[in-house]
Amino acid sequence: MELWQDMLRQSVDSSRDLVERFGFNKDLSERLNHLFHIRINPYYLSLIRYPGDPIWLQCIPDAKELDEDGLPEDPLAEDAHSPVPSIVHRYPDRVLFLTTSQCSMYCRFCTRKRKVGDSSKINMKYIQDGIDYVAAHPEVRDVIMSGGDPLMLTDFMLEKILSGLRAIPHVEIIRLGTKMPCVLPQRITPKLVKMLRKYHPLYINTHFNHPWECTMEAKRACELIADAGIPLGNQAVLMKGVNDDPDVMLELMRKLLTMRVRPYYLYQADITKGANHFRTPVSVGLDIMDKLRGHTSGLAIPHFVIDAPGGGGKIPLLPQYVLGRNGNQIILRNYKYDIYTYPDVEESPKIPTPTVERRFTRKKKRTTPAYAPDEAGV
Ligand SMILES: *Cc1c(COP(=O)(O)O)cnc(C)c1O
Ligand code: SF4
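In this report, we go over the structure that sits alongside the text. Note that this is a predicted model, so its numbers are computed, not measured.

With that settled, the discussion passes to the site of ligand 1. Residues in close proximity to ligand 1 include Val88, Arg90, Tyr91, Arg94, Leu96, Ile144, Arg175, Tyr264, Tyr265 and Lys314, which together make up its full environment. Within the side chain of Tyr264, one N or O atom sits 2.5 Å away from an oxygen atom of ligand 1. Computed on the free molecule, ligand 1 has an accessible area of 390 Å², of which 89% lies beneath the protein chains in the complex. The set of elements that each furnish at least two residues to the shell around ligand 1 consists of β2 (94–98) and β7 (262–268). Considered class by class, the residues forming the shell around ligand 1 number six nonpolar, no polar and four charged.

Take a look at the structure:
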């Protein structure tokens, strides 16, 4: 057994553990355990500094999960976009491929609670169906292996799936979405990355939410991945009490860059059953973005997105930089709130476009300029 597998076996994972280690009462711990799995491995557990801290909130269950919030279990309507159970196909040219239901830690804010932890939801046949689906759909050029956490699979299983995908000529890039560098960096071994690098172009997106997660172990894991030529991105979730503070977020983004991880997305927390207590007003995210852009390296700045309820995909949000328009002049502000006027170029008269290019041109002339302030802007 490898070290990481042994560490997983030592996880806090039962209602009894909650009672004995964290002083929960028996009834509450059983109800919480029933609702959504608990799994906290010794490494992630060691990052907790005090009860209720940003690490604790992400992994230790909370009575608020039991609130009758009436929120959906599948807020992004992923199931409606699943042609086969292991695939979510929402965008034209790329799919999510759910390769395991297991995670190295069960995050209390997870959007996919209905699926993860339940091994009946994903099995070998589902995986083969996913590969067959991709093979039968030439428009899919980007496959995102997700879950659960695909690195919960053994290196052997992982390689079987990767080689299956690589055998499909129209698959241009493969992405792996994994929380391992953050929650169980011991999973990232020289043997693993040696295998992964055979399947380039390969990208990894990981999931750090707080600067305390940027440890020496995590850094070592990210460096191994980067040294294998695999670009690393980060998808963070904005959460009340965890990272809803511009200074915390700035520190996280800077630390990620020193670990060779490029911030990619910052998600507004999804409207998921049992996770409502993590949500923040959208203005908090916009304020964070406002305090990052210009104040630190552009490389440190993620895209702030809302995954549209009901399955519309990710929608980016930006603070308002366009203050207005005065004839040909666009009124802008910079990161210090200094005002600038930019003389725009008149749109040139339309030149007839050949039909082949039509799909790259606007269907009809916009009535509002693309840069007009968004009235509905927040
Ligand atoms: C997030 C997501 C993707 C990938 O989106 P990118 O913006 O390309 O990173 C693909 N499919 C689904 C269903 C997603 O939720
Ligand atoms: S690792 Fe991802 S899928 Fe697993 S519990 Fe956490 S958020 Fe959910």
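Bringing helix α6 (residues 124–136) into the picture now. Here α6 is 13 residues long and its end C-alpha atoms lie 18 Å apart, about the 18 Å a rise of 1.5 Å per residue gives. Contact partners of the buried residues in α6: β1 (87–88), β2, β3 (142–146) and α7 (155–166).

In the vicinity of ligand 2, the contacting residues are Cys103, Met105, Tyr106, Cys107, Cys110, Val116, Gly148 and Lys179. Residues belonging to the shell around ligand 2 are distributed by class as follows: six nonpolar, one polar and one charged.

Following both chains from N to C, one finds helix α2 (residues 15–22) and helix α3 (residues 26–35) inclined at 135°, their axes separated by 8 Å at the closest point. If you check the angle between α2 and α3, you find them oblique. By crossing handedness, the relation of α2 to α3 is classed as right-handed. Residues Ser15, Leu18 and Val19 of α2 pack against Lys26, Ser29, Glu30 and Asn33 of α3. Here the contact of α2 with α3 is composed, by residue class, of two nonpolar, three polar and two charged.

Turning our attention to the sheet that holds β2. The strand order across the open sheet built from nine strands is β1-β2-β3-β4-β5-β6-β7-β8-β9, with neighbouring strands paired in mixed fashion. The sheet is open, and its two edges are formed by β1 and β9 (314–316), each paired on a single side. Relative to β2, β1 is paired through two bridges, and the arrangement is antiparallel. Its bridge partner lying in β2, Val88 is registered against Leu96. Across the sheet, α7 lies against β2, β3, β4 (173–177) and β5 (202–206), angled at about 165° from β3, the strand it touches most.

The rules behind each value
- Residues numbered from 1 in each chain as written.
- Chains lettered and ligands numbered in written order.
- Predicted model: local features only at pLDDT ≥ 70, side-chain atom pairs only at ≥ 80, totals over all residues.
- Heavy atoms only, no water.
- Near = heavy atom within 4 Å.
- Polar contact = N/O pair within 3.5 Å; in protein donor to acceptor, adjacent residues only side chain to side chain.
- Areas by Shrake-Rupley, 256 points an atom, 1.4 Å probe, with all protein chains shown as cover.
- Helix = DSSP H or I, 4+ residues; strand = E, 2+ residues; numbered from the N terminus.
- Nonpolar A, V, L, I, M, F, W, Y, C, P; charged D, E, K, R; others polar.
- Expected span 1.5 Å × (residues − 1).
- Contact = heavy atoms within 4.5 Å.
- Axes fitted to C-alpha atoms, helices over the stretch in contact; angles between N-to-C directions.
- Parallel < 35°, antiparallel > 145°, perpendicular 65-115°, else oblique.
- Left-handed = near helix turned anticlockwise from the far one by under 90°.
- Pairing = 2+ DSSP bridges.

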